[in-house]
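Observations on chain architecture
One letter stands for each residue in the lines below.
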Amino acid sequence: MFVVIFRAVAKNLDSEYSQTASKLRELAMTEFNCIDFKAITEGTDEIALSYWESLDDIKRWKAHPTHIKAQQLGRERWYESYSVQIAEVDREYKFG
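Here goes a summary of the coordinates provided.

Criteria and cut-off values
Residues numbered from 1 in each chain as written. Predicted model: local features only at pLDDT ≥ 70, side-chain atom pairs only at ≥ 80, totals over all residues. Heavy atoms only, no water. Salt bridge = Lys/Arg side-chain N within 4 Å of Asp/Glu carboxyl O. 1 Å grid on protein atoms, 1.4 Å probe; cavity = no way out; pocket = protein on both sides within 12 Å on 5 of 7 lines; lining within 4 Å. Points joined across faces, edges and corners; volume = space filled by probe spheres on them. Helix = DSSP H or I, 4+ residues; strand = E, 2+ residues; numbered from the N terminus. Nonpolar A, V, L, I, M, F, W, Y, C, P; charged D, E, K, R; others polar. Contact = heavy atoms within 4.5 Å. Core = buried A, V, L, I, M, F, W, Y, C linked by side-chain atoms within 4.5 Å. Buried < 20%, exposed > 50% of the residue type's maximum accessible area, 1.4 Å probe, protein only.

**Side note on the pattern of salt bridges**
- Taken as a whole, this structure holds 6 salt bridges when the rule is applied.
- Notably, a salt bridge pairs Asp36 with Lys38, separated by 3.6 Å at the nearest N-O pair.
- Beyond isolated ion pairs, a larger network of salt bridges with shared partners links Asp14, Glu16 and Arg77.

Next up, the structure:
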């Protein structure tokens, strides 16, 4: 399993951002085998964690036209800065 860690400093999160984020989450979950997708915002800091079965699924999701457009809008309007990390999960522990 892999995790994509998206961290950003928000500039202007408008209604189009909210609609796009919702659409991207839905695409990830329904078309690209995303296991889980959570995002939180505190002040201008945003972090999103998404979990995937394969790197191929992540690459295909990133290359989807809706995601490409969102990346462009993110750089132009929504974010001051962002970073993306992809890591393989070695272990998982749960309680409850």
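**Some words on the layout of surface pockets**
- Roughly 660 Å³ of volume is contained in the largest pocket.
- Contributing to the lining of the largest pocket are 29 residues, with Phe6, Leu24, Phe37, Trp61 and His67 lying nearest its centre.
- At the level of secondary structure, the elements contributing two or more residues to the lining of the largest pocket comprise strand E1 (2-10), helix H1 (15-31), strand E2 (34-42), strand E3 (45-52), helix H2 (55-62), helix H3 (65-78) and strand E4 (79-88).
- Of all the elements, H3 adds the most residues to the lining of the largest pocket, at 6 residues.
- When grouped by side-chain class, the residues that make up the lining of the largest pocket number 18 nonpolar, 6 polar and 5 charged.

**Side note on the environment of Trp61**
- Its place among the elements puts Trp61 in helix H2.
- Residues Trp61 and Ala28, spaced 33 residues apart in sequence, show a C-alpha to C-alpha distance of 6.5 Å.
- The residues contacting Trp61, other than those within four sequence positions of it, are Leu24, Leu27, Ala28, Phe32, Phe37, Trp52 and His67.

**Things to note about the nonpolar core**
- Grouped together as the largest cluster of nonpolar side chains are 19 residues, with contacts concentrated most on Ala28, Phe37, Trp52, Trp61 and Tyr79.
- Where this core is concerned, the elements lending two or more residues are E1, H1, E2, E3, H2 and H3.
- Every residue in contact with Phe37, bar those within four places of it in the chain, is listed here: Arg25, Ala28, Met29, Ala48, Leu49, Ser50 and Trp61.

**Description of the environment of Trp78**
- Within the secondary structure, Trp78 is located in helix H3.
- Judged by relative accessible area, Trp78 falls into the buried class, the value being 2%.
- As for Trp78 and His64, which are separated by 14 residues in sequence, their C-alpha atoms are 19 Å apart.
- Apart from residues no more than four positions distant in its own chain, Trp78 is found in contact with Val9, Ala10, Lys11, Asn12, Leu13, Asp14, Glu16, Tyr17, Thr20, Ala70 and Leu73.

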